[in-house]
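Reading the structure
The residues making up each chain are set out below.
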Amino acid sequence: MDKVVSVVIWNSTWACLGIFFGCAMSFIIIYLCHIDDAQTANIASVIIAAASFFFSIFSFCFKYQSSKQRRYEATFFNMLEQKYKIIENLSFCCEEWNGNASIDKYYKSTDCFWALYNEISHIYNSLFKHGKYEKQMTENIQNEVAVDLEEMRNIYNNDEYKWEKLQEYYQCRLTNFIYNIDADMYDNAQKTAANEDRVKGCFQLCFKRYNCFLEFYFRQFYQTLQFVDMRLQDFEYYIEILKSQMTIYEKQVVYYYVISHTKLFSKLVHQEKIKELFGKSLSELSDKQIF
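Residues numbered from 1 in each chain as written. Predicted model: local features only at pLDDT ≥ 70, side-chain atom pairs only at ≥ 80, totals over all residues. Heavy atoms only, no water.

It is worth spelling out the packing of aromatic side chains at this point. Under the criterion given, the structure shown has 26 aromatic pairs. Ring centres 5.5 Å apart and planes at 15° place the aromatic pair Phe 203 and Phe 207 in the stacked group. You can see Phe 203 and its partner Phe 207 sitting in helix 7 (residues 195-229), 4 residues apart, about one turn around the helix. Each member of the pair, Phe 203 as well as Phe 207, carries the same accessibility label: buried. Taking 5.2 Å as the distance between ring centres and 70° as the angle between the ring planes, the aromatic pair formed by Tyr 217 and Phe 218 counts as edge-to-face. (Phe/Tyr/Trp six-rings, centres within 6.5 Å; stacked < 30°, edge-to-face > 60°. Helix = DSSP H or I, 4+ residues; strand = E, 2+ residues; numbered from the N terminus. Buried < 20%, exposed > 50% of the residue type's maximum accessible area, 1.4 Å probe, protein only.)

Take a look at the structure:
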């Protein structure tokens with residue numbers, strides 16, 4: 001809205017100046033036309049010539065500014081279109097625990113960001129929320145699951161809470177196996193106090209494993225931010241347009257990327273503003289967020 005208002009004010013200002021300038025020159029010309037003096041006629045010619053010159057400059061500046069704005073917005077929206085095409089071609093496969101076994105799950109397009117967010121949540125849960133280190137999954141897992149499920153039926157009568165804790169237990173073991181989280185890594189992670197640093201570590205583990213399919217997306221996304229970063233006055237306006245084209249989980253994953261690549265984003269003028277604007281996405285996830 002602020003951008004629309006500023007554009008309207010800009011155009012109105014130039015229009016008013018043009019009208020004022022035109023009216024003033026009309027009055028001068030009408031007045032001078034009623035004077036027969038030759039010297040006055042020469043002065044009128046000079047004034048008219050000067051007026052034509054300044055009006056040409058005025059017209060050029062107005063057209064240049066309008067053309068510059070159109071070119072910028074055309075490039076910006078082309079970048080959004082490129083990002084959309086990249087996302088449409090994304091595909092992602094990860095391993096998840098499902099009931100009594102691990103299964104491969106496949107995701108496409110925008111669903112990939114939900115899957116990534118879910119993977120980061122699993123890492124965070126295994127390292128910080130579960131409460132203790134669980135050993136990595138082994139080849140004997142099916143026998144262990146069979147024993148645990150039998151215990152569930154005989155002792156706990158399929159108690160829902162116990163079932164949820166059992167699923168969490170095996171998901172932690174699966175996550176530890178996938179990301180090679182051992183007891184030493186777990187103990188070192190506990191020394192990290194700041195929650196943002198914890199999330200950064202979880203994202204980096206996930207990104208290290210899956211960066212090959214994300215690399216092109218993040219490269220294009222950074223170029224878009226870099227392009228918008230040049231707009232000092234209406235930077236936030238274009239960032240909000242960019243965010244409006246993203247799902248909640250895409251914004252969340254981008255936020256993790258921003259806080260995990262401070263050296264890269266330090267090159268941008270609006271580094272802190274970018275972090276702040278994408279950090280607002282946290283509230284959209286409410287109780288689902290891992291913070």
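From this point, things continue past the structure.
What follows deals with the packing of helix 3 (residues 111-129) against helix 5 (residues 160-178). Contact pair helix 3 / helix 5: the axes reach a minimum separation of 9 Å and the direction vectors enclose 100°. In terms of their interaxial angle, helix 3 and helix 5 are classed as roughly perpendicular. For the pair helix 3 and helix 5, contact is made by His 122, Ile 123, Asn 125 and Ser 126 and by Glu 168, Gln 171, Cys 172, Thr 175 and Asn 176, respectively. Partitioning the contact of helix 3 with helix 5 into residue classes produces 2 nonpolar, 6 polar and 1 charged. (Axes fitted to C-alpha atoms, helices over the stretch in contact; angles between N-to-C directions. Parallel < 35°, antiparallel > 145°, perpendicular 65-115°, else oblique. Contact = heavy atoms within 4.5 Å. Nonpolar A, V, L, I, M, F, W, Y, C, P; charged D, E, K, R; others polar.)

What follows deals with the pairing of strand 2 (residues 101-108). Pairing analysis gives 8 bridges linking strand 1 (residues 91-98) to strand 2, with the strands arranged antiparallel. Bridge pairing in strand 2 links Ser 91 to Lys 108. Between strand 1 and the antiparallel strand that follows it, strand 2, lie 2 residues; Gly 99 among them carries a positive phi value of about 80°. (Pairing = 2+ DSSP bridges.)

This part takes up the nonpolar core. Ranked by size, the top nonpolar core spans 68 residues in total, and within it Phe 92, Tyr 217, Phe 218, Leu 225 and Phe 278 carry the most contacts. For this core, the leading source of residues is helix 7, giving 15 residues. If sequence neighbours within four positions are ignored, Leu 225 has contacts with Ile 239, Leu 242, Phe 265, Leu 268, Ile 274 and Phe 278. (Core = buried A, V, L, I, M, F, W, Y, C linked by side-chain atoms within 4.5 Å.)

Moving on, we come to the packing of helix 8 (residues 235-244) against helix 11 (residues 271-279). At a minimum axis separation of 11 Å, helix 8 and helix 11 run at an interaxial angle of 40°. It follows that helix 8 is oblique to helix 11 by the angle criterion. In this structure, helix 8 crosses over helix 11, and the sense of that crossing is right-handed. The segment helix 8 lies against helix 11, with Phe 235, Glu 236, Ile 239, Glu 240, Leu 242 and Lys 243 engaging Lys 273, Ile 274, Leu 277 and Phe 278. Within the contact of helix 8 with helix 11, the residues separate by chemical class into 6 nonpolar, no polar and 4 charged. (Left-handed = near helix turned anticlockwise from the far one by under 90°.)

What follows concerns unusual backbone geometry. For Ser 109, which is not glycine, the phi dihedral falls at a positive 55°. Considering the arrangement of structural elements, one finds Ser 109 in the loop between strand 2 and helix 3. The backbone of Asn 180 shows a phi angle near 55°, a positive value even though the residue is not glycine. Topologically, Asn 180 is positioned in the loop between helix 5 and helix 6 (183-189). Accessibility expressed as a relative area gives 51% for Asn 180, which makes it exposed.

Turning next to the side chain of Gln 167. By the element assignment, Gln 167 lies in helix 5. On the basis of relative accessibility, which here comes to 15%, the residue Gln 167 falls in the buried class. A distance of 3.2 Å separates polar atoms of two side chains, one belonging to Gln 167 and the other to Trp 97. Contacts of Gln 167, omitting those with residues within four sequence positions, involve Trp 97, Asn 98 and Gly 99. (Polar contact = N/O pair within 3.5 Å; in protein donor to acceptor, adjacent residues only side chain to side chain.)

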